[in-house]
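A look at the structure
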Amino acid sequence: MATRKRRVGPWSLGTVVAWLITIFVVAMLAIVADWERIGHHFFNLEVAEAMLPQLLTVAARNTVIYTIASFCIGFVLALMLALMRLSSFGPARAFALAYIELFRGLPALVTLILLAFGIPIAFSLRIPGGSMGAAVTGLSIVAGAYMAETIRGGIEAVPRGQMEAARSLGMSHGRTMFSIILPQAFRIMIPPLTNEFVLLIKDTSLFYVVGSTPATRELVKFARDFMSDRRNATPLTVIAVVYLLITLPLTYLVRRLEARVGKGR
Amino acid sequence: MSTPAIQIIELHKYFGDLEVLKGIDFQIDRGEVVCIVGPSGSGKSTLLRCVNLLEEPTSGQVLIDGIDITDPSVDIDQMRTRIGMVFQQFNLFPHLTVLGNLTIAQIKVLKRSKEEAETVAMDMLERVGVADKAHEYPIRCSGGQQQRVAIARSLCMGPEMMLFDEPTSALDPELVGEVLDVMRSLARDGMTMMVVTHEMGFAKDVADRVVFMDDGVIVEEGPPSEVLVNPRTDRARRFLRMVAEK
């Protein structure tokens, strides 16, 4: 029968062999592995319970706050940089380019340390908000550099005719940018910006380098403290789940948003 | 004699080393309909785009109602509200509804209230025959409807003159007529119009004057009965023969 043949189609000899090998390897690993010790070190309910409620009220909360703050400040920075990058004023373009190249090139860790320790030493100037203020500022600066290129790409993807049509109606360059170009560019930018946001969530784990207090710990620092306390790796498993609990609903919401703003297309 | 609506004096335009317009002098009087024809690459679109300064002339003057808009002290945004422009690719704003397309510049530039802007917009949509599409997004309209919306969008600003840059070239043949009809009615109502077009039939019917351009200069101009029927120059004759064979 033709239908059966088609169904059998994907099961070529190679696929079958590949599956058999995979199943064999997984089965061997499952048999050989010491489940009791894995359970004790990675899925220890007692340790997991001890992490509550601070896991959520302090660590997860801080991670979300740091991420949102860095993203928002970074976005505003990025928007200004992108507009400078596209400006007809040479020095503005040069500044934006230098900024972007510098902070994309430096490891975020270096930027954070320079900001938190370098600036206070060099200029006896403290960034408001203590060490976490410095960390958020540092991550915003880095995020701004990355997102600037995303925003510039989005703006450049809007057809030239849009600018011309709006200008010929008497709208100024700036007005056209904000009312016509950016709303369209934003649509194009949603997927890469989501990516940026998710990366930022995880970049907040760098904040430990500037020194955090029990009250300002984010998820990774919180988990590390617990791990050394209990000599147990369960906190890692727990925060892995928490990270997913943050990112999965977020990406779901973004997909909804994308569908909503996409209706004019 | 009254000031011409559009007066172009000794206009030159370079793109890099390429001279696209090689000294253009001509004028359009108020209420006049002028069609610009010529082979592609002859500079006719560039000339049109110089009239509202979408293209910056390299040298020369563009006078709108006697005001030299190449003078940097002139408020070009304000002048552009007096000059409507319709593009080959329509260039409607895809993120706004048809009504939004028609009201945004009225609200942001002319500072009209939303209600006032919508009343004007509905009038103009009525005039071009697409009022039933007011709440749709442009993508849901046919090419002909989109171009009529684009014309209405320009009209909302109350322009004294309209520039058309090959307004029917991107349309399916069966949709060309509805756009030309709207343009015809505009011409009848006394609108000053400068139209870059390949529609010789329209030029013959509607234009008061036809300008034939080639290689960055005006080769010939006059009433359509002369330029399009009995051209004086070889170049114009050759071009018309080629268009007729199409």
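Description of the structure in this document. Quick caveat, the model's predicted, so the values are computed rather than measured. Throughout this description, residue numbers start from 1 for each chain and increase along the sequence as written. Naming scheme: in the order in which they are written, chains are lettered from A and ligands are numbered from 1. Side-chain atom pairs in this predicted model are given and counted only at pLDDT of 80 or more, local residue features only at pLDDT of at least 70, and totals for whole chains, interfaces and linings cover all residues. Computation of side-chain values covers all heavy atoms of the structure but excludes hydrogens and water.

Digging into the sheet that holds strand 4 (residues 59-64) of chain B
Residues and elements named next belong to chain B. Across the sheet, 4 strands lie side by side as 2-1-4-5; this open sheet has antiparallel pairing. A strand with exactly one partner marks an edge of an open sheet, and here the two such strands are strand 2 (18-28) and strand 5 (67-68). Sheet topology places strand 1 (residues 6-15) next to strand 4; 5 bridges connect them, and they run antiparallel. What sits directly across from Ile-8, in strand 4, is Val-62. Contact definition: two residues touch when any of their heavy atoms are within 4.5 Å. Axes, fitted as lines to C-alpha atoms, cover a helix only where it is in contact. Angles between the N-to-C directions of the axes lie from 0 to 180 degrees. The way it works is that DSSP assigns letters per residue, a run of H or I at least four long becomes a helix, a run of E at least two long becomes a strand, and they are numbered from the N terminus. Across the face of the sheet, helix 1 (residues 44-51) comes into contact with strand 1, strand 2 and strand 4 while running at roughly 120° to strand 1. Each pair of strands is called paired provided DSSP finds at least two bridges between the two strands.

Remarks on the packing of helix 5 (residues 54-85) of chain A against helix 8 (residues 130-157) of chain A
Residue and element names in this part refer to chain A. Between helix 5 and helix 8, whose axes approach to 5 Å, the crossing angle comes to 45°. Classified by the angle their axes make, helix 5 and helix 8 are oblique. Judged by the twist between their axes, the crossing of helix 5 over helix 8 is right-handed. Taken together, the residues of the contact of helix 5 with helix 8 break down into 20 nonpolar, 4 polar and 3 charged. Here the word oblique covers every angle except those under 35 degrees (roughly parallel), over 145 (roughly antiparallel) and from 65 to 115 (roughly perpendicular). Crossing handedness follows the turn of the near helix against the far one: under a right angle anticlockwise gives a left-handed crossing, and clockwise gives a right-handed one. Ten residues, namely Ala, Val, Leu, Ile, Met, Phe, Trp, Tyr, Cys and Pro, are considered nonpolar, four, namely Asp, Glu, Lys and Arg, are considered charged, and the remaining ones, Gly among them, are considered polar.

Considering the packing of helix 3 (residues 98-108) of chain B against helix 5 (residues 143-155) of chain B
Residue and element names in this part refer to chain B. Contact geometry for helix 3 and helix 5: axes closest at 8 Å, N-to-C directions at 25°. It follows from the interaxial angle that helix 3 and helix 5 lie roughly parallel. Between helix 3 and helix 5 the crossing geometry is right-handed. Taken together, the residues of helix 5 that come into contact with helix 3 (itself represented by Val-98, Asn-101 and Leu-102) are Val-149, Ala-152 and Arg-153. Of the residues that constitute the contact of helix 3 with helix 5, the class distribution is 4 nonpolar, 1 polar and 1 charged.

Examining the sheet that holds strand 7 (residues 161-165) of chain B
Residue and element names in this part refer to chain B. Read from one edge to the other, the open sheet built from 6 strands follows the order 6-7-8-3-9-10, with strand pairing classed as mixed. Only two strands of the sheet have a single neighbouring strand rather than two, namely strand 6 (83-86) and strand 10 (217-222). Across the sheet, the mean angle separating the axes of adjacent strands is 15° when strand polarity is ignored. As paired elements, strand 3 (residues 33-37) and strand 9 (residues 209-214) share 4 bridges and run parallel to each other. Residue pairing across strands places Cys-35 opposite Val-210, the latter belonging to strand 9. Relative to the sheet, helix 5 contacts strand 6 and strand 7, its axis offset from that of strand 6 by approximately 170°.

Comments concerning the side chain of Thr204(A)
Along the chain, Thr204(A) turns up in the loop between helix 10 (173-203) and helix 11 (219-230). Leave out the neighbours within four places in its chain, and Thr204(A) touches Thr63(A), Tyr66(A), Thr67(A), Leu139(A) and Glu218(A).

Some remarks on the nonpolar core
Residue types Ala, Val, Leu, Ile, Met, Phe, Trp, Tyr and Cys, when buried and joined through side-chain atoms within 4.5 Å, form a set referred to as a nonpolar core. A 1.4 Å probe rolled over the protein chains alone gives each residue an accessible area, and that area as a share of the maximum for its type sets the label: buried under 20%, exposed over 50%, partly exposed in between. In this structure, Ile6(B), Phe26(B), Ile36(B), Leu47(B), Ile64(B) and Met194(B) are the most contacted members of the largest nonpolar core, which totals 95 residues. Examining the composition of this core, we find that 13 residues originate from one element, helix 8 of chain A, more than from any other. In this structure, Leu47(B) is in contact with Ile8(B), Leu11(B), Leu21(B), Ile24(B), Phe26(B), Ile36(B), Met194(B) and Met213(B), ignoring residues within four places of it in sequence. Grouped together as the second largest cluster of nonpolar side chains are 50 residues, Ala121(B), Val182(B), Met191(B) and Val227(B) included.

What about the environment of Ala145(A)?
All names here are of chain A. Its location among the elements puts Ala-145 in helix 8. Between the C-alpha atom of Ala-145 and that of Phe-103, which follows or precedes it by 42 residues, the distance is 6.0 Å. When residues no more than four places from it in sequence are discounted, the contact partners of Ala-145 are Tyr-99, Ile-100, Phe-103 and Arg-104.

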